[in-house]
Amino acid sequence: MNMNETEFVAKLAVAIDKLQRPAIPLAIDLWDIATIAQYLKREPGTVRERMACLPSFPKAIAECGFVHRHTYPF
């Protein structure tokens, strides 16, 4: 089975398209730490420990309208 360049590129485009996540408009999409890290090209731990804690970082929004706060005994 010999494939010419055009067929190969077409099959490659289909394979790449299958790997892509569906695009959700930024205005309505909620991002987790992993998505933010991927967007900023940083490690998730760096985003969680050094960026998300900054006062200028956007506040968390929970889908149900409230954020769960865990308390830990000292």
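Residues numbered from 1 in each chain as written. Predicted model: local features only at pLDDT ≥ 70, side-chain atom pairs only at ≥ 80, totals over all residues. Heavy atoms only, no water.

## Side note on the overall build of the protein chain
Line of reasoning, step 1. Looking only at helices and strands, one finds three helices and zero strands in the protein chain.
Line of reasoning, step 2. In the protein chain, the succession of helices and strands from N to C terminus is α-α-α.
Line of reasoning, step 3. Looking at the protein chain as a whole, 5% of its 74 residues qualify as buried. (Helix = DSSP H or I, 4+ residues; strand = E, 2+ residues; numbered from the N terminus. Buried < 20%, exposed > 50% of the residue type's maximum accessible area, 1.4 Å probe, protein only.)

## A closer look at the packing of aromatic side chains
Line of reasoning, step 1. Considering all chains together, one arrives at one aromatic pair under this definition.
Line of reasoning, step 2. Relative to Y39, the ring of W31 lies with its centre 5.1 Å away and its plane at 65°, an arrangement referred to as edge-to-face.
Line of reasoning, step 3. Assessed through its relative accessible area of 56%, Y39 is described here as exposed. (Phe/Tyr/Trp six-rings, centres within 6.5 Å; stacked < 30°, edge-to-face > 60°.)

## Comments concerning the confidence of the model for the protein chain
In regions of low pLDDT, the predicted coordinates are not meant to be interpreted in detail.
Line of reasoning, step 1. When pLDDT is averaged along the protein chain, the result is 80, and 73% of the positions lie at 70 or above.
Line of reasoning, step 2. Mean pLDDT across the elements of the protein chain bottoms out in helix α2 (residues 33–40) (89) and peaks in helix α3 (residues 44–51) (94). (pLDDT = per-residue confidence, 0-100.)

## A few points about the side chain of T35
Line of reasoning, step 1. Within the fold, T35 resides in helix α2.
Line of reasoning, step 2. Classification of T35 as buried rests on a relative accessible area of 19%.
Line of reasoning, step 3. Within polar-contact distance, the side chain of T35 engages the side chain of D32 at 2.6 Å. (Polar contact = N/O pair within 3.5 Å; in protein donor to acceptor, adjacent residues only side chain to side chain.)

## Comments concerning a nonpolar patch on the surface
Line of reasoning, step 1. Together, M3, F8, V9, L12 and I16 line one region of the surface with nonpolar side chains, adding up to about 450 Å² of accessible area.
Line of reasoning, step 2. By the element assignment, M3 lies in the segment before α1 (5–19).
Line of reasoning, step 3. Taking the relative accessible area as the measure of exposure, M3 reaches 35% and is therefore partly exposed. (Patch = residues over 30% accessible without salt bridge, like charges linked within 9 Å, V, L, I, M, F, W, Y side chains within 5 Å. Areas by Shrake-Rupley, 256 points an atom, 1.4 Å probe, with all protein chains shown as cover. Salt bridge = Lys/Arg side-chain N within 4 Å of Asp/Glu carboxyl O.)

## Considerations on the packing of α2 against α3
Line of reasoning, step 1. Where α2 meets α3, the axes come as close as 8 Å, and the angle between the chain directions of the two elements is 100°. Judged on the interaxial angle alone, α3 and α2 are roughly perpendicular. Only P44, V47, R48 and M51 of α3 make contact with α2, whose side of the interface consists of I33, I36, A37 and L40. (Axes fitted to C-alpha atoms, helices over the stretch in contact; angles between N-to-C directions. Parallel < 35°, antiparallel > 145°, perpendicular 65-115°, else oblique. Contact = heavy atoms within 4.5 Å.)

## Re the environment of R48
Line of reasoning, step 1. Looking at where R48 falls in the secondary structure, it is placed in helix α3.
Line of reasoning, step 2. Residue R48 is classed as partly exposed on the basis of its relative accessible area, which comes to 47%.
Line of reasoning, step 3. Each C-alpha atom, one on R48 and one on I36, is 9.5 Å from the other, the two residues being 12 residues apart in sequence.
Line of reasoning, step 4. Setting aside anything within four residues of it in sequence, one finds R48 in contact with I33 and C53.

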